[in-house]
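Chain and residue survey
Take a look at the letters that make up each chain.
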Amino acid sequence: MEKKAKAAFEAGIKLGALYHQWVGTPISPQTAGSVEKAIEGAVGLQPYVDEITVKIDTSQMVLNAFGYSELSGKMFDVKIRTKVGNATCHAQLKVEEDYPMMTIIELI
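Residues numbered from 1 in each chain as written. Predicted model: local features only at pLDDT ≥ 70, side-chain atom pairs only at ≥ 80, totals over all residues. Heavy atoms only, no water.

1. A short note on the packing of helix H1 (residues 3-22) against helix H2 (residues 32-44)
Two numbers describe how H1 lies on H2: the axes approach to 11 Å, and their chain directions differ by 135°. Compared by their axis directions, H1 and H2 come out oblique. Between H1 and H2 lies a crossing of right-handed hand. Where H1 approaches H2, its residues Lys14, Leu18 and Trp22 are matched on the opposing element by Val35, Ala38, Ile39, Ala42 and Val43. For the contact of H1 with H2, the residue count by class is seven nonpolar, no polar and one charged. (Axes fitted to C-alpha atoms, helices over the stretch in contact; angles between N-to-C directions. Helix = DSSP H or I, 4+ residues; strand = E, 2+ residues; numbered from the N terminus. Parallel < 35°, antiparallel > 145°, perpendicular 65-115°, else oblique. Left-handed = near helix turned anticlockwise from the far one by under 90°. Contact = heavy atoms within 4.5 Å. Nonpolar A, V, L, I, M, F, W, Y, C, P; charged D, E, K, R; others polar.)

As structure tokens, this is what we get:
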């Protein structure tokens with residue numbers, strides 16, 4: 001597989017796995033920072049991940065009677081950079097038109 005294609009594939013598969021693994025996680029405004037770091041740490045361990053930043057939009061949270069919310073895809077703003085050889089893919093997961101979209105920003 002061409003290195004650029006593999007870098008793009010790896011970015012996409014990591015964002016998709018992140019989305020489906022973490023949606024539904026109990027979260028509150030007080031724990032959002034530690035969840036962001038946990039996601040960055042877990043995804044950052046995977047092959048070809050060069051950098052990842054995770055931000056959770058706590059304004060989207062609707063706290064239940066027990067004081068927490070559930071993480072939804074619309075709360076994510078994630079940027080990832082994968083590197084395969086000299087090929088690099090910058091990709092993002094963020095809300096566009098009220099839907100969490102995964103997008104390749106740059107492939108070099």
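2. Thoughts on H1
Side chains of residues three or four places apart in an α-helix project in the same direction, reflecting 3.6 residues per turn. Taking 1.5 Å as the rise per residue, H1 with 20 residues should run 28 Å; its terminal C-alpha atoms sit 28 Å apart, in good agreement. Within the span of H1, buried status applies to Ala7, Ala8, Glu10, Ala11, Lys14, Leu15, Gly16, Leu18, Tyr19 and Trp22. Among the structural elements, H2, strand E2 (49-56), strand E4 (76-84), strand E5 (87-96) and strand E6 (99-107) are those in contact with the buried residues of H1. (Expected span 1.5 Å × (residues − 1). Buried < 20%, exposed > 50% of the residue type's maximum accessible area, 1.4 Å probe, protein only.)

3. Focus: the UniProt feature "binding site: substrate" (unreviewed entry) in the protein
Following the UniProt record, one finds the feature "binding site: substrate" (unreviewed entry) at Glu10 and Met102. The annotated residues occupy 93 residues of the chain but converge on a single region, no pair of C-alpha atoms lying more than 12.6 Å apart. Take Glu10: it is sitting in helix H1. Classification of Glu10 by relative accessible area gives buried; the value is 10%. Once you skip the residues sitting within four places of it in the chain, Glu10 turns out to touch Pro47, Tyr48 and Thr82. With respect to the helices and strands, the residue Met102 is situated in strand E6. Discounting residues that sit within four places of it in the chain, Met102 has contacts with Leu15, Gly16, Tyr19, Gln92 and Leu93. (UniProt positions renumbered as here; feature names shortened; annotations may be inferred.)

4. Details of the sheet that holds E4
Strand order in the open sheet formed by four strands is E2-E4-E5-E6, and the pairing between neighbours is antiparallel. Looking at the sheet topology across the chains shown, the edges are occupied by E2 and E6. When the angles between neighbouring strand axes are averaged without regard to direction, this sheet yields 10°. Sheet contacts for H1: E2, E4, E5 and E6; angle to E4, the most-contacted strand, approximately 145°. Along the sheet face, H2 touches E2 and E4 and points at about 160° away from the line of E2. (Pairing = 2+ DSSP bridges.)

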